[in-house]
Every structure is written in C-alpha cells, then in structure tokens.
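# Secondary and tertiary structure notes
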Amino acid sequence: MKILETERLLLRRLVPEDLDALYTLYSDPIVRRYFPEGTLTLEETREELEWFLNGHPRHPELGLWAAILKETGQFIGRCGLLPWSIDDQFEIEIAYMLGKEYWGQGLASEAAQGIARYAHEQLGLTRLICLIDHDNAASIRVATKTGMTFEKEGFDDKGPYVLYSMEIP
Ligand SMILES: CC(C)(COP(=O)(O)OP(=O)(O)OC[C@H]1O[C@@H](n2cnc3c(N)ncnc32)[C@H](O)[C@@H]1OP(=O)(O)O)[C@@H](O)C(=O)NCCC(=O)NCCS
C-alpha cells in the first residue's frame, strides 16, 4: 500500500518480502552506527517488520515504511513516522535510514521533506520531531534541511539524544 511519493521515491507499507532487504540494512554496522542497540539479528528484524506490517499497531497511520527508488524499483531503506512519549508529551518523529550506497544524493532529505508534507497535509499534524545522536551530523543536517531546529537535549533508556523539532502552522 502506497503511503506517499516524492520525485525519486515511493514510500509504501512494509511487506513480508522486504525481510531480506531490511535485514541487509539492519545488520550493517555502518548504517546502525548511531543506534545504541547496534545491529539486529534476522529474528529481531523479522519481529520489527511484523510489528509494522499494518502501520504502527496503535497508530496505523504512522509506522515505518519501505523506501523504494522509483527508477529501479529497489528497496533502498526505511522511513516513516514514529510515536513517542517524551517528557510526558506525545510526539511524532520523522525516521529515516538508507543503505549506505544511497547516501549523499539528497534522498533522505527528499524522503523527510515528503514525509513532513504528508504528515501535515494528510494527517493534519502540526509538530514533528527528530531524535538524533549528538554525533550523527548527516542526520542533523537532514532534520535541518526539513525545517527543524535544535530544541533540547534529552536522555532515555537508550542514552542521550538531541531533539530537533518543527511546528507546522
Ligand atoms: C542520515 C542519513 C539518512 C542521511 O542520508 P542521505 O541520503 O545521505 O542524506 P542527504 O543526502 O539527504 O543529506 C545529508 C546531508 O548531510 C551532510 N552530511 C553527510 N555526512 C556528514 C557529516 N559527516 N558531517 C556533516 N554533514 C554531513 C551532507 O552533505 C548533506 O547535506 P547537504 O545536502 O547540505 O550537502 C543516512 O546517513 C543514514 O541512513 N544513516 C544511518 C541511519 C541513521 O543514522 N538515521 C538517522 C537516525 S536519527
């Protein structure tokens, strides 16, 4: 099921057949460098995939989606919208992760901007955040290019993070 399109990307619901491609992404230590839990096993990847098959179970309009390069039909990463409770606030995060061979072409920024537009126009959301490792400069840049600014630092069970946010009028 299609969620949204940008110039070069199609974002659609994850399907069971995405397991191998998702595992390639999640088992790559370079891609997972800024994720405290590190790489995932095939079984952990399967569990996450199954959790998101119909959107986020408690918020089906949100979730992680497959990012497909329209030109080739290839699965190049996963992006989406994730719900969190932070400092007793309900927050929605734009999430993005691409295979490293696709980095540096503006694709994550294109995805994040498309997701922000979708969140506003289709879901009526007025505030979005990104939770980022302090050292993840590429991700901070993507958040900034999407219109976010630094709001605060925080700490959760996975460790410290910086929170970038944007209000959509
Ligand atoms: C973060 C990530 C999605 C970026 O993907 P991408 O497609 O390369 O991003 P874009 O090309 O759209 O933009 C990246 C920007 O960061 C900049 N950048 C990249 N590496 C950088 C670094 N080490 N220091 C500073 N800026 C950097 C790029 O120059 C670019 O900015 P520009 O357009 O002004 O030149 C990708 O690196 C990734 O999947 N990382 C692993 C997963 C991850 O960390 N996700 C974020 C979790 S919060």
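Structure's up top.
Heads up: these notes are all about the structure in this document. (Residues numbered from 1 in each chain as written. Predicted model: local features only at pLDDT ≥ 70, side-chain atom pairs only at ≥ 80, totals over all residues. Heavy atoms only, no water.)

Moving on to the site of the ligand. Around the ligand, 20 residues are found, and the nearest of them are Gly-104, Ser-109, Asn-136, Arg-141 and Lys-145. The backbone of Ala-108 places a nitrogen or oxygen atom 3.0 Å from an oxygen atom of the ligand. Contact with the protein chains removes 70% of the 960 Å² of surface that the ligand exposes when unbound. Elements with a contribution of two residues or more to the shell around the ligand: strand 5 (89-98), helix 3 (107-121) and helix 4 (137-145). Tallying contributions element by element places helix 4 first for the shell around the ligand, with six residues. (Near = heavy atom within 4 Å. Polar contact = N/O pair within 3.5 Å; in protein donor to acceptor, adjacent residues only side chain to side chain. Areas by Shrake-Rupley, 256 points an atom, 1.4 Å probe, with all protein chains shown as cover. Helix = DSSP H or I, 4+ residues; strand = E, 2+ residues; numbered from the N terminus.)

Let us look at the side chain of Thr-146. Here Thr-146 is to be found in the loop between helix 4 and strand 7 (149-156). Relative accessible area serves as the criterion here: at 9%, Thr-146 is assigned to the buried category. A distance of 2.7 Å separates the side chain of Thr-146 from the backbone oxygen of Val-142, its partner in a polar contact. Sequence-distant contacts of Thr-146, defined by excluding residues within four places in its chain, comprise Ile-94, Ser-109, Ala-112, Gln-113, Ala-116 and Met-166. (Buried < 20%, exposed > 50% of the residue type's maximum accessible area, 1.4 Å probe, protein only. Contact = heavy atoms within 4.5 Å.)

In this structure, Leu-81, Ile-94, Tyr-96 and Leu-128 are the most contacted members of the largest nonpolar core, which totals 36 residues. Considering every element that reaches this core, the biggest residue donor is helix 3, with eight residues. If we skip the residues at most four places from it in the chain, Ile-94 touches Gly-80, Leu-81, Ala-112, Ile-115, Ala-116, Leu-128, Ile-129, Cys-130, Thr-146 and Met-148. One finds Leu-40, Ala-66, Ile-68 and Leu-82 within the second-largest nonpolar core, a separate group that totals 16 residues. (Core = buried A, V, L, I, M, F, W, Y, C linked by side-chain atoms within 4.5 Å.)

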